[in-house]
Amino acid sequence: MTIHLTIVIFLPLAGALVGAFLPAARSHWGALAGSVGAALYAVVMSFDFDRSVDGLQYVTDDAWISELGIRWSLGVDGLNLWLIVLTALLWVGAIVYAWRAERFRHRQKPRLFWFHFALAETAVLGALCAQDLALFVFFFDLMLVPFFFLIGQWGEEGRVAATTKMVIYTLVGSLLMLAGAIALGVLATPEGGDISFSLAVLQERTVGEGTQQWIFLMFAAAFLVKAPVFPLHGWMPDAYRAAPLPVLVVFSAVVSKVGVYGFLRIVLPVLPDASVHFQEVMLAFAVVSILYGSVIAFAQDDTRLVVGYSSIAQLGFILLGIFALDDKGAQGAVMQMVNHGLVAAGLFFAIAALARRADGSELLSRMGGIAFRAPVLAAMLLILAFANLAMPGTANFVGELLILFGTFEDHLTWGLIAAFGVVLASVYMIRFFIRAMHNRQGPGVQSKEACLLEIGVIAPVVAIVVALGVYPQVILEGTEKAVAQAVPHPETSTIEAGPAPAGEGPVGPPEAYNPEDFQR
Amino acid sequence: VIDLLVIAKVEGPEIDYEGIAPLFALAGGAVIVLMVSLFRGAFVQRVLVPALTLASLGAALGLTIWQWETGDLEPIVENALAVDTLALGAGLLFYAAAILTVALSLRAEAVRIAGSGEYFALLLSSVAGMVVLAAAENLVTLFVGLELLSIPLYALCATELYRGTSLESGLKYLIVGSLGSATLLYGLAMIYGATGATDFGAIATAIGETVGIDDPLLLVGIGLAAAGLAFKASVAPFHQWTPDVYQGAPTPITAFMATATKVAAFAVILRLFDHALAIEQLNWGPALAALAAVTIIVGNVGALFQRSLKRLLAWSGVAQAGYLLAGVVVGTELGLKATYFYLAVYLLMNMAAFAVVIARERVSETGDDLRSFEGLGQASPLLAWPMTIAMLALAGFPATAGFIGKFYLIDAAVAGEYTWLGVMIVVGSMISLAYYLRVVAVMWMGGVEVELPGGRKVRPVGGWSPEADPRAQPEVVTVAVVCAAATIFFGLVPSPLFDLARDVASSFANLA
């Protein structure tokens, strides 16, 4: 079966453009139809995806701007398959929520809202599917435009300052990446060869180690800000507070993953020597983020920021797994990207539900005491909280375990410090749950059970979280081969390793984690 | 007696009338426009004169396309003017800018005050000057072209006679511009003194043969000439006149200066550095690169705190001149292509922005202040969208032609071993975000308070009234929408512009 990724990418935008010609009150149908179409297509793709095949599937590779060597090159493998499915599904949920929730129903200029919302989905899907560096940069920067408007036009208090801050922060990184990407393309071009930004081509063409290093720093700037990782997270609290909730759901769940995904897709394969060179620095970033995010999340009163800072910690874990430069760690990172995307989305939907009961307030100090009257909501939040703190039995546990295994292999110290973050996660998540659901009833809190809309958006997320907890192999199976291709192995690429001693076979990459071993 | 007459007959230069035809169309157009405007009547003044101006520009445009041919210089007036694809390609941009300027001027105050014949005739002569300048093959013609381009502009800047700032703008431009011209002329004289030739071709051969490149007279001459051209292109540190003049001049003229004059200046800069002095790129490259870097920083920092949109666009124009210079610095064919590509894109982006400024300042009591743009997204999306696209494109966001243009320039800079200049371009873009995004934020993200008839809600400031409807000036809105649409179109399908740039680059066979 052929799946046309171009169609998946542009369905949401096409839907919104159709919606733009409908009456304003009905314009959501266009966006909804487009995103549902993309989601169905993505789900079909996930079933059709052949896990035994090495390399990219559903490849589209056409000339786009041949003068600059930019190709319209898309493809799916184990690294991005589940992120694409996650993106497509979450967008449907967010659109349904933004359409039905009374708090967001009376918005100014609905057609424009849906247009930006759909453009954001198209840009994110494009960045995830892109197999050409320039195309990736194109979509990566394009993502910012709709979010700039979504936060700035329909956000909460302080939105203009927050959105400007966010765009400038992220674009500082992204523009450096643009320069780095162009430089990489030009400098890697051999004498007389044609310039190409195709990731496959760039992986074969090499540039000198010094060049790799400064280009690495430019890419890292873009991806670390996007993630965000301490200390480059300065835009995060303002943007999270100001973003409208449906926007925040997709922003926190998916957009932040595109940054770390960029490391796996681009930086590790294309700049292997520099990745090895900066490994320790990146591990330090990761571990500091884990500790910092966890500690600050504990001290927050604003529920959005609890989840926001917890995201910093979780993305620290993902970064740790990637820069363990170990197949297991990277597999864990891929898994954790999907897991955290789901959990973050579910938590933000739950925050919206909690705020509806706490007189619109999203502060923990004004919530509490609703668990008895709203057991379904409480149960769903509990599952999400457990997943976020990586309770055994959830897929997050598997993901974090793999990451830590990968790290322990060569970097025991970093791994041990990071493991402390797992403990901290349970501290802040349990505090979050207790303050939101139990304790004394907050002022102005009305206990009522989750309504159909809330169940409708949270329950599917919870169901997927539970399902992944039962059967995490579904993600792991596809990633094994993709990860082995992406991750450079310091022990095989360094020169000092020398020839293998007689009697032993050639030194191969360490064995990837085989999901068959993991039978609970 | 007859013998004497025969002897006295001056050998005229050989003229290729086909090649010079666009120039005749412009000069003839200017004369006809001036003559026709002597007749009174609203029809003549408001319809016929602009129509004749457009006809003249259209004829020049058509003739240029008809002559389109890739390759080296082809003399049209021996030893004075020569046409190559760079001249033709620059011509395309001049005519496009002038046609858009005519559309923007139709309801302009300046046209009413100065008289429509005078206004449009001056505009046509200025375009003629640009054509001469871009086609000049000789130091003398170069100077003639420069003056023919500048003097009408000095007058046009001051056409809003009753407004002090317009007069100030004209006077300032006259003084600073004359200083620039004098510097250039001095430089040209020294180049002539050093090489003994006024032809570009002869100068290029003389350098290295009869006179060394380290000849002080020649070096000073080149430096002064470059400074004179930098005045016109508003390259730092010769940019100080730009914000004042741009702000004071009637806005259609500002738009014309910002786009067409920049194209003309860069056409000459390209010809001087990438053609006549191309062999010496290693020597002048670093100096020009330093100028580019300074220009990028100065322009972007200068724009940061501007509230007047015209000043903001002036400073942004300075910064963009810095980006453009990066394409010249490398002295490669790729650089030339990138520069031309960006010039074309720059024209579109700026015209869209200036058209919106014109539409707003005509109805708002706060003029071109940022306040006139508050809530524009609510009140008239037809103006807000072009402005948004122009701002995002100038900042270099993807899916606009500005992204491709910057991509191309950085590509050229890195390939020409000026990677640091490529990084300077992105650093400049970072700074520029702060002011471009502010304009966008003001338009879309303000509060809304007052409801207009028809249910649209707007803010009660910045001259909002039902008469302020953009539909009252359709030609301005059309310019804005068309330029913005083209900016998006060329951001997604840039190949037509790439083809154009490739043809233009074929004019300099010497480049690598």
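Residues numbered from 1 in each chain as written. Chains lettered and ligands numbered in written order. Predicted model: local features only at pLDDT ≥ 70, side-chain atom pairs only at ≥ 80, totals over all residues. Heavy atoms only, no water.

Brief notes about the overall build of chain B
The helix and strand tally for chain B stands at 21 helices and 4 strands. Since a compact globule built from 512 residues should have a radius of gyration of about 24 Å, the 23 Å found for chain B is in line with a globular shape. Referenced to the eigenvectors of the C-alpha coordinate spread, the extents of chain B come out at roughly 80 × 60 × 40 Å. Taking all 512 residues of chain B together, 64% fall into the buried category. In chain B, the proportion of contacts linking residues at least 24 apart, taken out of those at least 6 apart, comes to 78%. Entry remark: accessible area of chain B is about 17,700 Å², with carbon and sulfur atoms responsible for 67%. If you average the places of the 24 positive and of the 38 negative side-chain charges in chain B, the two averages end up 17 Å apart. (Helix = DSSP H or I, 4+ residues; strand = E, 2+ residues; numbered from the N terminus. Rg over C-alpha atoms; globule rule 2.2 N^0.38 Å. Buried < 20%, exposed > 50% of the residue type's maximum accessible area, 1.4 Å probe, protein only. Contact = heavy atoms within 4.5 Å. Areas by Shrake-Rupley, 256 points an atom, 1.4 Å probe, with all protein chains shown as cover. Lys, Arg positive; Asp, Glu negative; His and termini not counted. Charge placed at Lys NZ, Arg CZ, Asp CG, Glu CD.)

Thoughts on the interface of chain B and chain A
Many descriptions give the size of an interface as the accessible area lost when the pieces come together. The interface is formed by 38 residues belonging to chain B together with 39 residues belonging to chain A. Carbon and sulfur atoms make up 83% of the surface buried where chain B meets chain A, a total of about 3,300 Å² over both sides. Looking only at chain B, the three residues that lose the most surface to chain A are B:Phe407, B:Met430 and B:Met445, adding up to 21% of its buried area. Linking chain B with chain A are 0 salt bridges. At the surface where chain B touches chain A, the tally comes to 2 residue pairs in polar contact (both at pLDDT 80 or more). No other element matches the 11 residues that helix H19 (residues 419–444) of chain B contributes to the side of chain B that touches chain A. (Buried area = accessible area lost by both parts, 1.4 Å probe. Salt bridge = Lys/Arg side-chain N within 4 Å of Asp/Glu carboxyl O. Polar contact = N/O pair within 3.5 Å; in protein donor to acceptor, adjacent residues only side chain to side chain.)

Side note on the packing of helix H7 (residues 144–154) of chain A against H19(B)
Direction vectors running N to C along H7(A) and H19(B) enclose 45 degrees, while the axes themselves pass 10 Å from each other. With respect to their mutual orientation, H7(A) and H19(B) come out oblique. H7(A) and H19(B) meet at a crossing whose hand is right-handed. Facing H7(A), whose interface residues are A:Phe148, A:Phe149 and A:Gln153, H19(B) presents B:Leu437, B:Val440 and B:Trp444. Here the contact of H7(A) with H19(B) is composed, by residue class, of 5 nonpolar, 1 polar and no charged. (Axes fitted to C-alpha atoms, helices over the stretch in contact; angles between N-to-C directions. Parallel < 35°, antiparallel > 145°, perpendicular 65-115°, else oblique. Left-handed = near helix turned anticlockwise from the far one by under 90°. Nonpolar A, V, L, I, M, F, W, Y, C, P; charged D, E, K, R; others polar.)

Digging into the side chain of A:Arg205
Residue and element names in this part refer to chain A. Here Arg205 shows up in the loop between helix H9 (199–204) and helix H10 (209–226). Of the side chains with opposite charge, Asp194 lies nearest to the buried Arg205, which makes no salt bridge, at 7.1 Å. Here the side chain of Arg205 touches Asp194 through a polar contact of 3.0 Å, landing on its backbone oxygen. Not counting chain neighbours up to four residues away, the residues in contact with Arg205 comprise Ala188, Thr189, Pro190, Asp194, Ile195 and Ser196.

Focus: a negative patch on the surface
Residue and element names in this part refer to chain B. A surface patch of like charges, here negative, comprises Asp16, Glu18, Glu69 and Glu74. On the secondary structure map, Glu69 appears in the loop between helix H3 (42–67) and strand S1 (74–77). We classify Glu69 as partly exposed; its relative accessible area is 47%. (Patch = residues over 30% accessible without salt bridge, like charges linked within 9 Å, V, L, I, M, F, W, Y side chains within 5 Å.)

Quick look at the packing of H7(A) against helix H8 (residues 159–188) of chain A
All names here are of chain A. Two numbers describe how H7 lies on H8: the axes approach to 7 Å, and their chain directions differ by 165 degrees. If you check the angle between H7 and H8, you find them roughly antiparallel. You can see that H7 and H8 cross each other, and the crossing is right-handed. Contact with H7, carried on its side by Leu144, Phe147, Phe148, Ile151, Gly152, Gln153 and Trp154, involves Arg159, Val160, Thr163, Thr164, Met166, Val167, Thr170 and Leu171 of H8 and no other residues of that element. Class assignment of the residues belonging to the contact of H7 with H8 gives a composition of 9 nonpolar, 5 polar and 1 charged.

Some remarks on the pattern of salt bridges
Residue and element names in this part refer to chain A. Under the counting rule described, the total for this entry stands at 19 salt bridges over all chains. Linking Glu409 and Lys328 is a salt bridge whose minimum nitrogen-to-oxygen distance equals 3.8 Å. Of this pair, Glu409 sits in helix H18 (residues 395–410) while Lys328 sits in helix H16 (residues 327–357), and the two are 81 residues apart along the sequence.

Examining the environment of B:Gly129
Residues and elements named next belong to chain B. Take Gly129: it is sitting in helix H6 (residues 116–135). Judged by relative accessible area, which is 0%, Gly129 ranks as buried. Excluding residues that lie within four positions of it along the chain, Gly129 makes contacts with Gly145, Leu148 and Leu149.

Remarks on helix H12 (residues 245–270) of chain A
Residue and element names in this part refer to chain A. A rise of 1.5 Å per residue sets the reference length of H12, with its 26 residues, at 38 Å; its end C-alpha atoms lie 36 Å apart and thus fit the reference within 8%. At Phe251, H12 shows its largest bend, some 35 degrees. Counting buried residues along H12, 26 of its 26 residues qualify, which places the element largely inside the surrounding structure. (Expected span 1.5 Å × (residues − 1). Bend = angle between axes of the 7 residues up to and from the residue.)

Side note on the packing of aromatic side chains
For the coordinates displayed, the defined rule picks out 46 aromatic pairs over all chains. An aromatic cluster is built from A:Phe10, A:Trp64, A:Trp72, A:Phe138, A:Phe139, A:Phe197, B:Phe403 and B:Phe407, whose rings are joined through pairwise contacts. Over the ring of A:Phe140 we find A:Lys226, and its NZ or CZ is 4.9 Å from the ring centre. A cation over an aromatic ring shows up here: A:Arg431 above the ring of A:Phe298, its NZ or CZ 5.3 Å from the ring centre. (Phe/Tyr/Trp six-rings, centres within 6.5 Å; stacked < 30°, edge-to-face > 60°. Lys NZ or Arg CZ within 6 Å of the ring centre and 35° of its normal.)

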